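Okay, here's what each chain looks like letter by letter:
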Amino acid sequence: MIIRFIFLLLLISGSIQEGFAQYDKVWAFGSRSGLDFNPANPVPIRTSILNTEGCASICNEDGQLLFYTEGSFIWDRENNLMPNGELLNELFDYPGSFLSSATYSSMQGTVIVPYPDHDDWYYVFSLTHNELFVTGNNGRLYYSIVDMSLNGGMGDVVPGEKGIFVDSLFGEYMSAVVGERCNAWLIVPSYPLPECKAYEITASGLNLTPVISPLSGASIYGELVGSKSRKKIAFGKLGLSGVDLYDFDGVSGLLSNPLSLAIQQPSFGSVAFSPDDSKLYYSSENNLFQLDITSGDSAVIAASAVTLGAFDPFRSLRLGPDGKIYFSSPTVLNTLGVINYPNEPGLACMYDPAVIEVLSGTHVGRRLPNSVAVIPHDTFYTQQPVSAACFASHALLTALDSTGWDYVWSTGTTNSSEEVSEPGTYWVSYRTAPCNFHTDTFHVGFANGVLPSIRIDTACAGSSNGNAYAGTYPGDTVQYAYTWLSGDDTLSVSPALESVPMGNYTLVVQTAHCDTSLQVFIPEADYRVSFTVSDTVLCLGDTLYVQNLSPAQFDQFGWYFGDGDSSQLATPTGHVYQHPGTYELVMTGSGPVCGDTASMMLVVDAAFVPLFDMDQPQVCVGDRVTFRLGEADHSFTGLHWDWGDGSYLDTWYETRFVHAFDAAGTWPVTGTLITRACPDASFTDTVHVYALPEVDLGADTSLCLDGSGVVLRNFAAVPAAPYAYLWNTGDTAAHIRVLQPGTYSLQVSTEPLHCTTVDEIVVSRDCYIDVPNAFTPNGDGDNDYFFPRTLLSRGLSDFRMQVFDRWGQLVFETRAKEGRGWDGRFNDRDQPVGVYVYLIDVDYVNKRREQYKGTVTLIR
């Protein structure tokens, strides 16, 4: 039986809206202008703020001004610039000059957000204006932190926490909205991307990773504002039709369900919600409109538009702490207009274009201060007496509000409900949106007796050693009578039923006011001992540690390590095996009910001493060296080779490897043997690699027969080391002279390993000519002339060619070694097809004369 209790609210302290409004009681805006809302009617005041659009101010919980800013400079409550309150971003060139502010013309260029759960700390966010686009510094977001405990309580910027860059590519407007989990969100539209970034602010600080939501369009100018309920965000965007309305999730920071409310083309997109979130006010062209947004339908909302009156398109709307909406008067200079009852429909809202005149020498400016995102902290207490029914086993206690988070009961559980089985005082603490703290207290009693709790000792298999015990909470003064039954047989009239086998039993409980019967089953269980070890594979000398996991039914134990050693401790402190091998670890356990045995196989490895060799410790570059690892046993799990030349190899199977070194030097070769339990073993040896000699016989060459020949030699640089030469002619000299054409090769070897390199050269015949046997002078550009093909020979010194027809008539003659030759014409007439005789006389540079005689066929 469970009795459920829902308690009543006894005490509520604080008021969300009233506490929130106190932080907004003093405004600073325009040029040296301001408003104090602490009196019954707002009073104009003088401030030090200068020439600004974007501005923000913050008060304490009593409505007293703390400080104000235009995004680049911060003034204290006495209108003095804070000592560290200038240069709030990295874009200033003229410290102390307010006209150099990088934020003064941003439409919503600054926001103040109290640092959650940090008294006296405040975030000041700064957004640079679009006029800086010429330097690429527009749309940059920064933050600074003000600590009001500094500067004698007047406040100052925390050292090292000023002008911290966050991100860029933003428009000129932003705002902050209280979230649903003791957090706040800084909402900044991007530009030119059609998206919005929401930065979460919690007790842990500013999360620099934003939540990104898509927007229906991007605008560099505009205003945005959150509703009182924190559920809606309105965007007024310059140059885009109408205003956009989004749903806002204060937990995730996401915007969704966009509604585009196209009424007229806006000028500067000023927007404001009514205090009850039923109306939306925005400026378009030169008029101010009211929209009823309760339907959630864009067409219905657009049809509800009511024109309230004239409005300066360069000014903004702002909901005040008194529930009225303020704006710069479109009719009277330096005067504020008011919407007196913004919750009322149409003209009943009482639009008044000129109400409050600012002080002489001050100026209203274009924008009123940005909204203040103060996280409310209210506390709620409740108390409730709870009396359980007769023999109730539990009382179910439920928190008043189940929509909260961070539930913590006095019992340690973290649900919104808790079941208790004993009398006493219980409480639960939790939070609800946006950041309210609750404590609900319960006083629980069981005046007519509590249902007994039954403790069962399971019977061991095949034994009559099961037990059951009935008990109530300590201090219970109710008198109980107990009867234990097995069928119709009475087994006990005490709270205890002892030494019975597995089975079903009935417990009858009686008091002066109540009685009940409980069914009790005593099960049969086969209890088992169990344990774990530090490792099943050990290295010789390692300590084996065990952990006893056996249930409480066992209270005596025996350990047998398999090497002759044993222990009677519940958990031995450690054991060291003296020899490698395989061992069976056995554990026994016994107790008042049952006994059991468990075992586990262990392997103990000895440290491995590797045997390592290689087939040749000295090689030439490119030669292969074979490395071998001998006598690897079962504990071997891997091998890492490092050849010392920048290359390596990992393997798990092979113990024989071949490696060729491609550079000369002395290389340390290291093999590391990886074992399964013992430390890895390394071994190192050295390979000496000798360089190959360099051989360069030069480019292929030529010679003239009967000439002086050609000298062949190695043109490569030859070091001081001894070299051995072997030509394919059988010569062993460093150079030779050849008189005949052919292919010649030189093999050069070095000591001590006879590292060898070979190069070859082709020597061609020069000083001869090659005469074609036919030509086709048909003008096709191919073989149109008759002329020897090798007259460019370096050995030719003089040349004469004659061509005769078949009757012996000379038809062509030339001594030019260069030219086209005979074109098949004589006396400017084409000669007939046929065979012609040529005679060629040549002189060579070696003074030898040769004559070539033959025939050539003219083909057309």
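Residues numbered from 1 in each chain as written. Predicted model: local features only at pLDDT ≥ 70, side-chain atom pairs only at ≥ 80, totals over all residues. Heavy atoms only, no water.

**Observations regarding the overall build of the protein**
For step 1, the next point in the chain: When helices and strands are tallied, the protein shows 2 helices and 75 strands.
For step 2, the next point in the chain: Relative to a compact globule of 860 residues, whose C-alpha radius of gyration would be 29 Å, the protein shows 52 Å and is clearly more extended.
For step 3, the next point in the chain: Judged by the C-alpha coordinates and their principal axes, the protein covers about 155 × 105 × 60 Å.
For step 4, the next point in the chain: Buried positions account for 47% of the 860 residues belonging to the protein.
For step 5, the next point in the chain: Sequence-distant contacts in the protein: of pairs separated by 6 or more residues, those separated by 24 or more amount to 54%.
For step 6, the next point in the chain: Working note: accessible area of the protein is about 39900 Å², and carbon and sulfur atoms make up 50% of it. (Helix = DSSP H or I, 4+ residues; strand = E, 2+ residues; numbered from the N terminus. Rg over C-alpha atoms; globule rule 2.2 N^0.38 Å. Buried < 20%, exposed > 50% of the residue type's maximum accessible area, 1.4 Å probe, protein only. Contact = heavy atoms within 4.5 Å. Areas by Shrake-Rupley, 256 points an atom, 1.4 Å probe, with all protein chains shown as cover.)

**Describing the state of the cysteines**
For step 1, the next point in the chain: Per the stated rule, a full pass over the model turns up 5 disulfides.
For step 2, the next point in the chain: Two residues, Cys182 and Cys435, share a disulfide whose sulfurs are 2.0 Å apart. Disulfide Cys182 to Cys435: torsion about the S-S bond roughly 95°, handedness right-handed. Pair noted here: Cys182 is in the loop between β14 (175-178) and β15 (184-189) and Cys435 is in the loop between β35 (424-432) and β36 (436-445), with a separation of 253 residues, a long-range link. Assigned by exposure class, Cys182 and Cys435 land together as buried.
For step 3, the next point in the chain: Disulfide partner of Cys620: Cys755, at an S-S distance of 1.8 Å. Here Cys620 and Cys755 share a disulfide; its torsion about the S-S bond, -90°, makes the bridge left-handed. Residue Cys620 is found in strand β56 (residues 618-620), and its partner Cys755 is found in strand β68 (residues 755-766); the two are separated by 135 residues along the sequence.
For step 4, the next point in the chain: Judged by its relative accessible area of 6%, Cys620 is buried. (Disulfide = S-S within 2.5 Å.)

**Focus: unusual backbone geometry**
For step 1, the next point in the chain: Here Tyr191 and Pro192 are connected by a cis peptide whose omega angle stands at 15°.
For step 2, the next point in the chain: Here Pro192 lies in the loop between β15 and β16 (195-202).
For step 3, the next point in the chain: With an omega of -5°, the peptide bond between Ala433 and Pro434 qualifies as cis.
For step 4, the next point in the chain: Position of Pro434 among the secondary structure elements: in the loop between β35 and β36.

**Regarding the sheet that holds strand β44 (residues 515-522)**
For step 1, the next point in the chain: Pairing is antiparallel across the open sheet formed by 4 strands, whose spatial order is β41-β40-β43-β44. Where the open sheet ends on each side, the last strands, each with one partner, are β41 (489-492) and β44. On average, each strand axis in the sheet is tilted by 35° relative to the strand beside it, whichever way the strands run.
For step 2, the next point in the chain: Bridge analysis of strand β40 (residues 481-486) against β41 gives 3 bridges, and the strand direction is antiparallel. For Trp484, the partnering residue across the bridge sits in β41 and is Ser492. (Pairing = 2+ DSSP bridges. Axes fitted to C-alpha atoms, helices over the stretch in contact; angles between N-to-C directions.)

**Brief notes about the pattern of salt bridges**
For step 1, the next point in the chain: Under the criterion given, the structure shown has 17 salt bridges.
For step 2, the next point in the chain: Note that Asp24 and Arg318 form a salt bridge whose closest N and O atoms lie 3.0 Å from each other. Taken together, the residues span a long stretch of sequence, with Asp24 in the loop between α1 (16-22) and β3 (26-29) and Arg318 in strand β27 (residues 317-319) at a distance of 294 residues.
For step 3, the next point in the chain: Owing to a relative accessible area of 6%, Asp24 belongs among the buried residues under this scheme. (Salt bridge = Lys/Arg side-chain N within 4 Å of Asp/Glu carboxyl O.)

**As for the nonpolar core**
For step 1, the next point in the chain: One finds Leu397, Val444 and Trp484 to be the most contacted residues of the largest nonpolar core, which totals 34 residues.
For step 2, the next point in the chain: The next biggest cluster of nonpolar side chains, apart from the first, holds 26 residues, and it includes Tyr123, Val178, Ala184 and Tyr199. (Core = buried A, V, L, I, M, F, W, Y, C linked by side-chain atoms within 4.5 Å.)

**Remarks on the sheet that holds strand β63 (residues 701-704)**
For step 1, the next point in the chain: Ordered in space as β63-β68-β67-β65, the 4 strands form an open sheet in which the pairing is mixed. Of all strands in the sheet, those bounded by a partner on one side alone are β63 and β65 (723-727). In this sheet, neighbouring strand axes are inclined to one another by 30° on average, regardless of whether the strands run parallel or antiparallel.

**A short note on the pairing of strand β59 (residues 648-651)**
For step 1, the next point in the chain: Sheet topology places strand β58 (residues 636-642) next to β59; 4 bridges connect them, and they run antiparallel. Within the sheet, the bridge partner assigned to Trp641 lies in β59 and is Leu649.
For step 2, the next point in the chain: Here β58 folds back onto β59 in antiparallel fashion, the turn holding 5 residues, of which Gly644 has a positive phi close to 85°.

**With respect to the packing of aromatic side chains**
For step 1, the next point in the chain: Enumeration over the complete set of coordinates arrives at 32 aromatic pairs.
For step 2, the next point in the chain: Between the aromatic rings of Tyr68 and Trp75, the centroid separation amounts to 5.6 Å while the plane-to-plane angle is 20°, which identifies the pairing as stacked.
For step 3, the next point in the chain: Judged by centre distance (5.2 Å) and plane angle (70°), the rings of Trp822 and Tyr836 are edge-to-face. Of this pair, Trp822 sits in the loop between β71 (810-814) and β72 (825-826) while Tyr836 sits in strand β74 (residues 834-844), and the two are 14 residues apart along the sequence.
For step 4, the next point in the chain: Judged by its relative accessible area of 0%, Trp822 is buried. (Phe/Tyr/Trp six-rings, centres within 6.5 Å; stacked < 30°, edge-to-face > 60°.)

**Some thoughts on the side chain of His659**
For step 1, the next point in the chain: The residue His659 is located in strand β60 (residues 656-660) in this model.
For step 2, the next point in the chain: His659 gets classed as buried once you look at its relative accessible area, which sits at 13%.
For step 3, the next point in the chain: Within polar-contact distance, the side chain of His659 engages the side chain of Asp645 at 3.1 Å. (Polar contact = N/O pair within 3.5 Å; in protein donor to acceptor, adjacent residues only side chain to side chain.)

**Focus: the confidence of the model for the protein**
When pLDDT drops low, the exact placement of atoms in the prediction is not to be read closely.
For step 1, the next point in the chain: Considering every residue of the protein, the mean pLDDT works out to 88; 93% of them sit at 70 or more.
For step 2, the next point in the chain: Looking over the protein, one finds the lowest element-wise mean pLDDT in strand β2 (residues 11-13), namely 35, and the highest in strand β7 (residues 65-69), namely 98.
For step 3, the next point in the chain: Counting interchain partners and residues more than four positions distant, the pLDDT-below-50 stretch residues 1-19 has 51 contacts.
For step 4, the next point in the chain: Throughout residues 93-98 the model reports pLDDT below 50, and contacts reaching past four residues in sequence, or to other chains, amount to 9 contacts. (pLDDT = per-residue confidence, 0-100.)

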